[in-house]
Amino acid sequence: MVPLTSASVDDLNVDVLVNYCSQHVHGFPQAPTHLTISQFGHGQSNPTYLLEASLGGSSVKRYVLRKKPAGKLLQSAHAVEREFQVLNALGAYTLVPVPKVFCLCTNSAVIGTPFYIMEYLEGRIFIDPTLPGLAPIRKRAIYSATAKALASLHSADVDAIGLGKYGRRDNYCKRQVDRWAKQYLASTGEGKSPRNPKMLELVNWLQQHIPSEDSASRKASLVHGDFRIDNLVFHPIEDKVIGILDWELSTLGNQMCDVAYSTLHYLVDFDLDKVHQHKGIEATGIPQGIPLLSEYLADYCSASGKPWPLAEWKFYVAFSLFRGASIHAGLHSRWIMGNASGGKRAQNSGLKADAIIEAAWSYIERKSVLPQHPASDRSAQGQLEHFNAGSINQKTSTGGRFVPNYKIVELRDRLIQFMEDYIYPMEKEFYKLSNTSMRWTVHPEEEKLKEIAKQQGLWNLWLPLDSASRARKVLFDGSNDDKVFDQLLGAGLSNLEYGYLCEIMGRSVWAPQVFNCGAPDTGNMEVLLRYGNKEQMQEWLIPLLEGKIRSGFAMTEPQVASSDATNIECSIERQGDSYIVNGKKWWTSGAMDPRCKILIVMGKTDFNAPKHKQQTMILVDIRSPGVQVIRPLTVLGFDDAPHGHAEVYFENVCVPAKNVLLAEGGGFEIAQGRLGPGRLHHCMRLIGAAERSVELMVLRAHQRKAFGKFIAQHGSFQSDLAKCRVELEKTRLLVLEAADQLDRVGNKKARGILAMAKVAAPNMALMVIDMAMQVHGAAGLSGDTVLSHLYATARTLRIADGPDEVHLGTIAKLELQRAAKL
Ligand SMILES: Cc1cc2nc3c(=O)[nH]c(=O)nc-3n(C[C@H](O)[C@H](O)[C@H](O)COP(=O)(O)OP(=O)(O)OC[C@H]3O[C@@H](n4cnc5c(N)ncnc54)[C@H](O)[C@@H]3O)c2cc1C
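Figured I'd write up the structure that's included with this text. Treat the numbers as computed from the prediction; the structure is a model and nothing was measured.

## Observations concerning the overall build of the protein chain
- Regarding its fold elements, the protein chain presents 26 helices and 18 strands.
- Expressed as a percentage of the 822 residues in the protein chain, the buried residues total 55%.
- Nonlocal contacts in the protein chain, meaning residues at least 24 apart in sequence, comprise 72% of its contacts between residues at least 6 apart.
- Total accessible area on the protein chain stands at roughly 35700 Å², and carbon and sulfur atoms take up 53% of it.

## Focus: unusual backbone geometry
- Cis geometry marks the peptide bond from Ala519 to Pro520; its omega dihedral reads 0°.
- Mapped onto the elements, Pro520 comes out in the loop between helix H18 (511-514) and helix H19 (521-531).
- The peptide bond linking Ala641 to Pro642 adopts the cis configuration, its omega dihedral lying at 5°.
- Residue placement: Pro642 occurs in the loop between strand S15 (627-633) and strand S16 (645-656).

## Examining the packing of aromatic side chains
- On inspection of all chains with the given rule, the structure shows 15 aromatic pairs.
- Here the aromatic rings of Tyr143 and Tyr266 are separated by 6.5 Å at their centres, their planes lie at 80°, and the arrangement is edge-to-face. Here Tyr143 is found in helix H4 (residues 136-154), whereas its partner Tyr266 is found in the loop between helix H7 (256-261) and helix H8 (281-284), with 123 residues between them in sequence. The pair formed by Tyr143 and Tyr266 is uniform in burial state, with each residue classed as buried.
- Measuring from centroid to centroid gives 4.7 Å for Phe418 and Tyr422, while their planes differ by 55°, and the two rings are tilted. Residue Phe418 and its partner Tyr422 are located together in helix H13 (residues 406-433), separated by four residues, close to a single helical turn. For the pair shown, Phe418 and Tyr422 are each scored as buried.
- Among the aromatic residues, ring-to-ring pairing joins Phe315, Tyr316, Phe319 and Phe322 into one connected group.

## Some details on the site of the ligand
- Surrounding the ligand, one finds 18 residues, the nearest of these being Phe553, Thr556, Ser563, Trp587 and Glu805.
- At 2.6 Å from a nitrogen atom of the ligand is found a side-chain nitrogen or oxygen belonging to Thr556.
- One nitrogen or oxygen atom from the side chain of Ser563 is found 2.5 Å from an oxygen atom belonging to the ligand.
- A total of 980 Å² of accessible area belongs to the ligand in isolation, and the protein chains cover 67% of it.
- Split by residue class, the shell around the ligand holds ten nonpolar, six polar and two charged.

## Considerations on the pattern of salt bridges
- Taken as a whole, this structure holds 43 salt bridges when the rule is applied.
- Among the salt bridges present, the one from Arg66 reaches Glu83, with a minimum N-O distance of 2.5 Å. With Arg66 in strand S3 (residues 60-67) and Glu83 in helix H2 (residues 80-93), the pair connects residues that are 17 residues apart, well separated along the chain. For the pair Arg66 and Glu83, one class covers both residues: buried.
- Lys432 is the partner of Glu429 in a salt bridge, and the nearest nitrogen-oxygen pair spans 3.2 Å. Residue Glu429 and its partner Lys432 are located together in helix H13, separated by three residues, close to a single helical turn.
- Since its relative accessible area comes to 32%, Glu429 is described here as partly exposed.

Cut-offs applied
Residues numbered from 1 in each chain as written. Predicted model: local features only at pLDDT ≥ 70, side-chain atom pairs only at ≥ 80, totals over all residues. Heavy atoms only, no water. Helix = DSSP H or I, 4+ residues; strand = E, 2+ residues; numbered from the N terminus. Buried < 20%, exposed > 50% of the residue type's maximum accessible area, 1.4 Å probe, protein only. Contact = heavy atoms within 4.5 Å. Areas by Shrake-Rupley, 256 points an atom, 1.4 Å probe, with all protein chains shown as cover. Phe/Tyr/Trp six-rings, centres within 6.5 Å; stacked < 30°, edge-to-face > 60°. Near = heavy atom within 4 Å. Polar contact = N/O pair within 3.5 Å; in protein donor to acceptor, adjacent residues only side chain to side chain. Nonpolar A, V, L, I, M, F, W, Y, C, P; charged D, E, K, R; others polar. Salt bridge = Lys/Arg side-chain N within 4 Å of Asp/Glu carboxyl O.

Written out as structure tokens, the structure is:
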């Protein structure tokens, strides 16, 4: 008799089993001295055992036995015969990673139920999908390998490998919805798990939204049915899948259900031990290294060659959640009736079922669930290359000089999603209000969007790390652990890092302020961060960082050429504890906004001091007596309500002396500090505006026919489009280079490249937007597209923040200086 050293096995006759294995399992020891049998603990509905047969000494052979549970079973459930069939076919004829199967025993006399024996895979199984303990690079690789493994099993040609009749192919979702709905009804109600009416509504919604492709049997193929990371065995060292396990629910059908099911942990936490935590990693925070759901999906689509499931994805996720809820309700009922296989933890599955139903509805109610297209530059491969290049904080990699790091890619994806969910759908509404008599009021939705942006961590992203640490130092002597304040201080990004994000915001004129990243507020906050004292920060910076108030910057004057700030005539005269401000300003952007509370005014405190020491900046409360907002100005007809560009007069405005920034005569110094990053932000946004224009241009060219063919087919269009792309890419590189230099060598040394970017970006954007308008014909000049507004904004930037000529002058001066040194 073979000694059995460990087993939780009720009905295994070990000697019979050993005898059977010796005959049917290739390589099984003929006369083992010991057999250790231990049951795997993690979630098998078909009991699964590790068999360790020793031959004496240290030699041990390992196998896995999987059997039906004992007792009376539902007819279609626990079909180990089907598991064996699919594993056998995949193992023999495909490269899909599955454990090798040795034998199927349908004779219940051997160990009491049918069973099969397969290879034991030496490797890693990750129970927790957040992959604790792994480095970000490894996490990324594990998810990438998961997507590839799923794609590989989906590519199996079932007809060629003998699985053509493994299940019905058509109407998979329809049948599954009916099946799990019946199951839910059967397992809920009086004396069972409570029935949730929202589940019945969910069934209804699903029945009405079954994708049309579901009825096409030719598209159906192998479906795993329970594809999750914890059903995969990974190589002990390498990040690749060596075995896909647990095929109990496999059949033929609609494969997108597998894909959606494998992403559910992004939305729901299924862990029955976490009684009050139901939120998935999208809400609780995606650990560094783990891709966004859309990235994982993009990896899958790219590996499987499947189209991006933009239109149907919501259904597949909702369906998978519904199925999960039904399974959990069943588990709960079995617990109530005293026969749950999950033990005591199953008592929590009723709560989980309700949480999953909630999650399904909130997913259904999302405006959009995927980006329009899978971004190929966000693919796992690209990111892995980047990780492999070294530290994930490095800005460059072998993939190219300007490749955003993972943190930025993740933030950028969130921003893109936000733009698609909230900004583009609201643009028309914002324009509508700005064309009514209520134009100088704020659209209530804008404030709501600001709150959402804050919650999503997309707030004050412009704020550079060094400025944030100065604020902490000044306000809290560097010892702050105020979490709320910390959340206001952005994401600790460099100018270069912000560049990738600011570009996305520039795609809509309405976007920047929603993220508290709009001009002139960012420049004004930067002034307060760099030059403000504690009191000034507390009074003005904090509400600005919170987005509760807005601000203006009043330098330009109608009567003098303000591109040369030494011309400024506004006087700031000291009288006791106050200053008296007198002057006329115009183009004070933001001053029309009802939320605007503070103006940074540039004027002269000493008309006799050296040329660049005469100017001072002072904080003026816009509500001070003597401040008169005269009128809004328009840019090519756009007044940018409710933000506006105002003409503002200051007549004997009395301002407390403590409102001076830095010191008397410090105005020029501050202006230089303020303008570097701010100018670059404009450039970054212009890249985004140009990108959007190209998109619109291409869309239009594909929709409209002239002289017998689509505009896109005309050679002149193609040539113009190509020129736009060339200019766009050149300019983006220049802007990124300028941002990088600003980070590395500072404002002063980077002034040449900053000037180049400031000249190049608006001119490029104007050329591209102009081309997009041309392709749209008359519509391009109308208010029916965003192009005319983007154009007006881009045109502004050949003048605002310094006209082209001034920047060209700077570039030429530096060039001549360089030449002189040669
Ligand atoms: C939409 C918009 C928003 C603005 N927002 C603000 C704001 O919030 N706060 C604020 O203070 N200002 C703002 N401005 C004003 C802007 O900064 C000024 O218009 C700009 O500095 C130029 O000053 P100016 O208009 O007085 O032009 P001028 O100084 O009169 O210059 C006119 C032209 O002279 C030529 N020129 C100037 N210098 C040179 C040179 N060195 N070499 C050769 N030619 C030269 C250029 O062609 C230039 O365009 C805004 C402007 C616009 C259009």
